[in-house]
Amino acid sequence: MQYWLMKSEPSAYSWEQLVKDGKTGWTGVRNFQASGNMKKMKKGDQAFFYHSNEGLAVVGIAEIAKEYHPDPTDKTGKFGMVEVKALTPFKTPVTMKEIKATPALNDMVLVKNSRLSVQPVTAAEWKAVCKMGGVKA
DNA sequence: GCCAACGTTGGC
DNA sequence: GCCAACGTTGGC
């Protein structure tokens, strides 16, 4: 089981929308590192859903429903996509501010490389953030 | 709305 | 294959 973090601007696609849709195709990634991370995802892996720009917080947990395959919205054929489904909403969102205020979480990719939209999360980080969000890891 | 950081592109 | 220029992301 691997853990991940995926970012989305709420104005583009929010957690609330994913809950409503149940499942969505994670298209539009145009970054090799992010796309490469999606390639490593296995069905059943879990990912934090992070709201960037507005909210600035981890708001829930999604599960990888379909593994990496070509993104039909990418005309160049270089990038891929996965499908995710809503799994567990956080009781309380875990904000960037709180993450930065937690020494154990300062090595998160979210803090170190805030521009990467799909990133790995360690088991320890996963556990800590889940706890802060009020859900069981 | 600004600006720093970073990834990508393209000319050489 | 290098590197400058450019565009985009995202926190503040």
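Structure first, text after, so check above.
Residues numbered from 1 in each chain as written. Chains lettered and ligands numbered in written order. Predicted model: local features only at pLDDT ≥ 70, side-chain atom pairs only at ≥ 80, totals over all residues. Heavy atoms only, no water.

*Asks:* For this particular structure, what's the right way to read the protein's contact with DNA strand B?
*Replies:* For DNA strand B, the full set of nearby residues is Asn-31, Phe-32, Gln-33, Asn-113 and Arg-115. Of all DNA strand B atoms lying within 4 Å of any protein atom, the proportion belonging to sugar or phosphate reaches 59%. Arg-115 has a polar side-chain atom sitting 2.5 Å from a base oxygen of DNA strand B. A breakdown of the residues in the surface near DNA strand B according to their chemical character gives one nonpolar, three polar and one charged. (Near = heavy atom within 4 Å. Polar contact = N/O pair within 3.5 Å; in protein donor to acceptor, adjacent residues only side chain to side chain. Nonpolar A, V, L, I, M, F, W, Y, C, P; charged D, E, K, R; others polar.)

*Asks:* Honestly, the side chain of Ser-35 in this entry has me stumped. Any pointers?
*Replies:* Its place among the elements puts Ser-35 in helix H2 (residues 32-39). Taking relative accessible area as the criterion, Ser-35 reaches 3% and is therefore assigned buried. Looking at Ser-35, its side chain comes within polar contact range of the main-chain nitrogen of Gly-80, at 3.3 Å. (Helix = DSSP H or I, 4+ residues; strand = E, 2+ residues; numbered from the N terminus. Buried < 20%, exposed > 50% of the residue type's maximum accessible area, 1.4 Å probe, protein only.)

*Asks:* Can you help me understand H2 in this one?
*Replies:* Think of an α-helix as turning once every 3.6 residues; residues three or four places apart then point the same way. What H2 keeps buried is the set Ala-34, Ser-35, Asn-37 and Met-38. Down the axis, H2 shows its buried residues gathered within 155 degrees of arc, on one side only. For H2, the exposed residues set more than 90 degrees away from the buried face come down to Phe-32 and Lys-39. Looking at the buried positions of H2, the neighbouring elements they touch are strand E1 (3-8), strand E4 (57-70), strand E5 (80-95) and strand E6 (118-121). Where H2 starts, the residue carrying a side-chain oxygen 2.9 Å from the main-chain nitrogen of Gln-33 turns out to be Asn-31. (Arc of directions from axis to C-beta. Contact = heavy atoms within 4.5 Å.)

*Asks:* Just to check I follow, could you spell out the protein's contact with DNA strand C for this structure?
*Replies:* Surveying the vicinity of DNA strand C reveals the residues Lys-7, Tyr-50, Ser-52, Asn-53, Leu-56, Met-96, Lys-100, Ser-114 and Arg-115. Expressed as a percentage, the sugar and phosphate content of the atoms of DNA strand C within 4 Å of the protein is 70%. One nitrogen or oxygen atom from the side chain of Tyr-50 is found 3.0 Å from a phosphate oxygen belonging to DNA strand C. Arg-115 places a side-chain nitrogen or oxygen 3.0 Å from a base oxygen of DNA strand C. Class assignment of the residues belonging to the surface near DNA strand C gives a composition of three nonpolar, three polar and three charged.

*Asks:* Sorry if this is basic, but what is going on with the layout of surface pockets here?
*Replies:* Unoccupied space between atoms shows up once a probe the size of one water molecule is rolled over them. Estimates place the volume of the largest pocket at around 300 Å³. Lys-7, Ser-8, Trp-26, Thr-27 and Val-29 are the residues nearest the centre of the largest pocket, which is lined by 16 residues in total. Mapped onto the lining of the largest pocket, the elements with two or more residues apiece are E1 and strand E2 (23-25). Split by residue class, the lining of the largest pocket holds four nonpolar, eight polar and four charged. (1 Å grid on protein atoms, 1.4 Å probe; cavity = no way out; pocket = protein on both sides within 12 Å on 5 of 7 lines; lining within 4 Å. Points joined across faces, edges and corners; volume = space filled by probe spheres on them.)

*Asks:* Would you mind showing me how to read the sheet that holds E6 here?
*Replies:* Hydrogen bonds between backbone atoms are what pair the strands of a sheet, whose relative direction is either parallel or antiparallel. Here six strands make up an open sheet; going across it, the order is E2-E5-E4-E3-E1-E6 and the pairing mixed. Two strands in the sheet have a free side with no partner beyond their single neighbour: E2 and E6. Within the sheet, the average angular offset between the axes of one strand and its neighbour, ignoring direction, is 35 degrees. Pairing between strand E3 (residues 46-51) and E4: six bridges, direction antiparallel. Bridging from a neighbouring strand, Tyr-50 pairs with Val-58 of E4. Relative to E6, H2 is tilted by about 55 degrees, and along the sheet it contacts E1, E4, E5 and E6. Here helix H5 (residues 123-133) sits on the sheet in contact with E1, E3, E4, E5 and E6, set at roughly 50 degrees to E5. (Pairing = 2+ DSSP bridges. Axes fitted to C-alpha atoms, helices over the stretch in contact; angles between N-to-C directions.)

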